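Per-entry structural report
Chain residues, written in single-letter form:
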Amino acid sequence: MDPKTMMAVSETDGGSFWFPTAGTQIAKEVDGLFYFILALSTFFFLLIVGLMLVFVVIYRRRPGYARKFAPDHNSTLEVVWSVIPAILLILIFFQGFTGFLDMRTPPAETYEIKVVAKKWSWAFQYPNGYIEGELHVPVDRAVKLTMTSDDVIHSLYIPSFRIKMDLVPGRYSSMWFQANQVGDFPLLCAEYCGTKHSDMLSRVIVHPSGEFEKWLEQASNLMSTLPPPEAGKLLYNRRGCAQCHSMDATARTGPSFSGTFGTSQPLADGTTVLIDENYIRESILEPMAKVRAGYRPVMPSYKGQLKDLEIDAIIEFIKSLK
Amino acid sequence: MSVLQMETESAAVNERPSAENYLNCSHGFWSWAATRDHKRIAIMYLISVLGAFLLGGIFAILIRMELWTPQRTIMDHDTYNHTFTLHGAVMTFLFIIPSIPAAWGNFVLPVMLGAKDVAFPKMNLASYYLWVGGALFLLAAIVLGGLDTGWTFYTPYSTTTNSSVITASIGVFILGFSSIFTGLNFIVTMHTMRPVWMTWFRMPLFLWSLYATSIIQVLATPVLGITLTLLVAERALGIGIFDPKLGGDPVLFQHFFWFYSHPAVYIMILPAMGIISEIISVFSRKPIFGYRFVAYSSIAIALLGFLVWGHHMFTSGQSRISAIVFSALTFSVSIPSGIKVFNWLATMYRGSIILTTPMCYALSFIFLFTIGGLTGLFLGALATDIHLHDTYFVVAHFHYVMMGGTLVSFIAGLFYWWPKMTGRMYSEFWGRLGCFGVFAAFNLTFFPQFILGARGMPRRYYNYPPEFQLYHQISTVGAFLLGASLFVAAFTLIHSLFRGRKAPANPWGAASLEWQTSSPPPLHNFESDPCAGDPYDLDSQIYDPDLSGYRFRVESERLHSTNDSAI
Ligand SMILES: [Cu+2]
Ligand SMILES: [Cu+2]
């Protein structure tokens, strides 16, 4: 392959050959340690493979070659080649350890955002209660995420910040970072969580100083300014419904929303249900109460995560789909 | 004349071995299916685990094909998830864990000890049938709804998904017993059946490594059994051990699982290192450098290996203190593994090196295992692991260790003991060609994955950002070449069965006991008691053109030189 193409690939996102862009100070520390280990490893690799090849060449069996005496052990040598790597390993361990403490110790003052992961979407809740599927943060300010999961284990991974932490159902985990670059960075799920694990993607949007607050205020008021069906559509896209429910007639993990309102549909227990406002509301808050025939009971509950106003908007949105 | 030149006399004498041996002493289905001969059991194991390897390889190729494009290529999301799960489960539980102990341990261990069989031949056969039973359950799981949990069975995903987790767990549970039986049998055999003159420190290093492996098999595998029993109980009865909805703790499962599965990594790699120690020594015609260290380090690795499981869980939310302790312990266990590499190099120093096929594989092992080991440093260090965990960097790392290490060593053993097992020599040319192909294609497949991982490509992803496509395509091309090279290796061996030259008792000039008996050995391994001797006293062997193999040097020949007169 052409090394030039490869470099070109790696530079599209402003990263280097090994890494995507470093968006935090800690990311730079991590890269430093990576390159240090890389240098040591390259040295030892060349030493080992180099010696191996040299030995194969000069000690190869051939006519007229006589093997000379060589000891079958040598304590000094053995101690030396145990102790030197051991010292280097302690060095690596120590740097890894201090970097880790930096990563895991947030400063006293942080901006807190709550995170709830569920199959296969993210919900970021800002201090004023507003929830969105993308993570917006101010630049140069320490942000702490308090995270949990609604269903299985997920892992929040921001490659550009070099951080990752599992979200475990039934407990809170946390992580923090301080972005020092304005921009958009991918945010991914790194722990396998089922069918659409690889589509559980979002973004971190780092706002320039002063603009984050403006954004938050505008976004929080959007719901009340938009007509309900449109607000519902926004929620449908942003809050992960689109992963499982389509707007055309195709069935995904869940039934399509198109043209079902007002119809009667069979349930898994053999009865039928009329799809009306109450049923939709119940499906969102208590999805296991009535499960549609032919579908698995995998829909997560949105209790406490969608406000009444928002649920109404979603109902209007589903109604509007013919 | 050397082994090198022998191959050029390609006179393929196509006659069946005349003397009675373990292969032709009895016939018929039951003479195999009900055999208690460790050599026949080894062959049945060998064929079975290679079958599993083929199956796992097919899954691997399907995965690589799907990843050719960033979106859908040949299958949908769910099929992909099933495929990588089955690839992992089949390769680990059916192939790599049993591979070297079950095939090579069974074949070689009693012969290396000068014994007739293992201590409990019936238990040995039972272990094989347990393997078959476990494999049937795993296959049943594939047919009955598949498996999509990843080979790691993490809860609560595994307790809530609707694939055949229970069937697969039962399969793995049974396979665990097969592994325990083998380990127990080997430990007892080594304690009770060594000839009097063979002290522990006169044992070949392969036996030391099997001993260390057996300890892990016996001590760690029950934990896997318990874990899977709890998992099944949780799924079937909802008892609430791991599922937080029922009051359980999902991270507990990870502790249990890795408490077995990290030591299992050493079940896979220790015997591989043992084989490499044998081969490097024989084909450098020098005793292994620092025998005692290599022997002790196997045991040290086996024991330390029990203390590092938490390094799989640095991002799981375990406390900072435990992360730090596990990181420190991880580095400590890497030292003995690293030093073994230096010992092998020192063994080659001033040796008389000949690049036979097994030696080529052994050198490939050193190359690949070194990369696998060094990249482990990035993952053992906490700060870098947080970024690299659950990315393709980890995928590449463990493939370098498991495949570049264990698989390559398994094949090295295959080519090394093949003449002993079948009584046939293969073509060195095709053997080496296959080795070169495996080596080159392996690097092509897995090296790009280090870059992918460091750049932030998570593992177990069906769709991926288009910027990664080039690396994925290189990897896929490598995978196809790797498959093709493995077929070259396979055909080299199969061809030898029909057209290969008859193997002498000792084609390589090795001094361990298995080379003192005919190839293939008689049913009870030795016609007469083998001579006592140091397994690494390679100067005791001299090439005899009449045998086109090696025999014991007589005293007068020994005086001439320490040089290898086979040149
Ligand atoms: Cu995921
Ligand atoms: Cu491990």
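Note that residues are indexed from 1 along each chain, following the sequence as it is written. Going through the entries in the order they are written, you letter the chains from A and number the ligands from 1. In keeping with the predicted nature of the model, local features appear solely for residues at pLDDT of at least 70, side-chain atom pairs appear and are counted solely at 80 or more, and the whole-chain, interface and lining totals rest on all residues. Here the side-chain values reflect all heavy atoms present in the structure, with hydrogen atoms and water set aside.

1. Description of the overall build of chain B
Helix numbers and strand numbers start at the N terminus; a helix is a DSSP run of H or I with at least 4 residues, a strand a run of E with at least 2. Along its length, chain B carries 17 helices and 2 strands. C-alpha atoms define the radius of gyration, and 2.2 Å times the number of residues to the power 0.38 defines the globule rule. In terms of overall size, chain B behaves like a compact globule, its C-alpha atoms giving a radius of gyration of 24 Å where 567 residues would be expected to give roughly 24 Å. Once the C-alpha set of chain B is aligned to its principal axes, its extents read approximately 80 × 45 × 45 Å. Per-residue accessibility, obtained with a 1.4 Å probe over protein chains only, is compared with the maximum for each type, and a residue is labelled buried under 20%, exposed over 50%, and partly exposed between these values. Per-residue burial over chain B gives 66% buried out of 567 residues. The long-range fraction of contacts in chain B, counting pairs at least 24 apart against all pairs at least 6 apart in sequence, stands at 79%. All accessible areas in this document rest on Shrake-Rupley with a 1.4 Å probe, and a residue is counted as covered only by the protein chains that are shown. Approximately 18,100 Å² of chain B is accessible, and the part contributed by carbon and sulfur atoms is 70%. Asp and Glu are treated as the negative residues and Lys and Arg as the positive ones, with His and the ends of the chain left uncounted. Charged side chains are reduced to one point each, which is NZ for Lys, CZ for Arg, CG for Asp and CD for Glu. When the 30 positive and 29 negative side-chain charges of chain B are each reduced to one mean point, those points stand 1 Å apart. Whether two residues are in contact is decided by their heavy atoms, any of which lying within 4.5 Å being enough.

2. Here's the deal with the overall build of chain A
Secondary structure summary: chain A contains 8 helices and 12 strands in total. For 322 residues, the compact-globule formula gives about 20 Å, and the C-alpha radius of gyration of chain A, at 28 Å, lies well above that figure. Its C-alpha atoms give chain A principal-axis dimensions of about 95 × 50 × 40 Å. Partitioning the contacts of chain A with sequence separation of at least 6, the portion at a separation of at least 24 is 60%. Just so you have it, chain A exposes about 14,800 Å², and 61% of that area is on carbon and sulfur atoms. Charge separation in chain A, taken as the distance between the mean sites of 31 positive and 33 negative side-chain charges, equals 8 Å.

3. Side note on the coordination of the copper ion (ligand 2)
Those protein atoms acting as donors to the copper ion (ligand 2) are His262 of chain B (ND1), His311 of chain B (NE2) and His312 of chain B (NE2), and they sit at 1.6 to 2.1 Å. Binding-site remark: the copper ion (ligand 2) is held by donors from one chain whose sequence spacing is H-x48-H-H. With water excluded from the atoms, a metal site may look incomplete; its donors are any N, O or S atoms within 2.8 Å, or within 3.2 Å for Na, K and Ca.

4. A word on the interface of chain B and chain A
Between chain B and chain A, the residue contacts involve 96 residues of the former and 88 residues of the latter. Buried area counts how much accessible surface, traced with a 1.4 Å probe, disappears from two parts once they are put together, with both parts' losses summed. Here chain B packs against chain A, burying approximately 8,000 Å² in sum over the two surfaces, 68% of which is carbon and sulfur. By convention in these notes, a salt bridge is any Lys or Arg side-chain nitrogen within 4 Å of a carboxyl oxygen on Asp or Glu. For the pair chain B and chain A, the interface holds 2 salt bridges. As used in this structure description, the phrase polar contact means that two N or O atoms lie within 3.5 Å; if the pair is within protein, one of them must be able to donate a hydrogen and the other to accept it, and residues adjacent in sequence are counted only when both atoms belong to side chains. Joining chain B to chain A, the criterion identifies 30 residue pairs in polar contact (both at pLDDT 80 or more). The set of elements that each furnish at least two residues to the side of chain B that touches chain A consists of α4 (77–112), α6 (157–160), α9 (250–284), α11 (320–348), α12 (357–380), α13 (382–388), α15 (428–454) and α16 (469–499) of chain B.

5. Looking at unusual backbone geometry
Geometrically, the link from Lys119 of chain A to Trp120 of chain A is a cis peptide bond, its omega value of -10° lying close to zero. Residue position: Trp120 of chain A is located in the loop between β1 (111–118) and β2 (121–125). The step from Ser519 of chain B to Pro520 of chain B runs through a cis peptide bond, and the omega angle for that step is -10°. Positionally, Pro520 of chain B belongs in the loop between α16 and β1 (541–544). Of note in this structure, Arg162 of chain A is not a glycine but carries a positive phi near 60°.

6. Re the coordination of the copper ion (ligand 1)
Tetrahedral coordination by four donors puts the ideal angle at the metal at 109.5 degrees, and octahedral coordination by six puts it at 90 or 180 degrees. All names here are of chain A. Protein coordination of the copper ion (ligand 1) is provided by Cys189 (SG), Glu191 (O), Cys193 (SG) and His197 (ND1), with donor distances spanning 2.1 to 2.5 Å. Angle rules define the geometry names used: all angles between 85 and 135 degrees makes four donors tetrahedral, while opposite donors over 155 degrees apart and all other angles between 65 and 115 make four donors square planar and six octahedral, leaving every other case irregular. What the 4 donor atoms of the copper ion (ligand 1) show is an angle range of 88 to 128° at the metal, which sorts the shape as tetrahedral. Mapped onto the polypeptide sequence, the residues donating to the copper ion (ligand 1) form the spacing pattern C-x1-E-x1-C-x3-H. For Glu191, a relative accessible area of 5% puts it in the buried group. According to the relative accessible area criterion, His197 is buried, its value standing at 1%.

7. A word on the nonpolar core
Residues belong to a common nonpolar core when they are buried Ala, Val, Leu, Ile, Met, Phe, Trp, Tyr or Cys residues joined through side-chain atoms within 4.5 Å. Among the nonpolar cores identified, the biggest contains 256 residues, and Leu156 of chain A together with Trp104 and Phe153 of chain B are the most heavily contacted of them. Beyond its immediate stretch of four places on either side in the chain, Phe153 of chain B contacts Phe93, Leu147, Ser158, Val165, Ala168, Ser169, Val172, Leu228, Leu231, Phe253 and Phe257 of chain B. The next biggest cluster of nonpolar side chains, apart from the first, holds 23 residues, and it includes Leu235, Leu306, Ile318 and Leu321 of chain A.

8. A short note on helix α3 (residues 75–104) of chain A
In a helix, the anticipated span is given by 1.5 Å times the number of residues less one. The end-to-end C-alpha distance of α3 of chain A is 43 Å, a good match for the 44 Å that 30 residues give at a rise of 1.5 Å each. Of the residues that open α3 of chain A, the one with a side-chain oxygen 3.2 Å from the backbone nitrogen of Thr76 of chain A is Asn74 of chain A.

9. Side note on the side chain of Lys420 of chain B
Residue and element names in this part refer to chain B. Note on placement: Lys420 falls in helix α14 (residues 392–422). Put simply, Lys420 is tucked away with no salt bridge, and the nearest opposite charge, on Glu514, sits 7.8 Å away. In this structure the side chain of Lys420 is engaged in a polar contact, spanning 2.6 Å, whose partner is the backbone oxygen of Thr517. Of the polar contacts made by the side chain of Lys420, one reaches the backbone oxygen of Ser518; its length is 3.4 Å. Not counting residues up to four positions away in its chain, the partners in contact with Lys420 are Phe107, Ala505, Glu514, Trp515, Thr517, Ser518, Ser519, Pro520 and Pro521.

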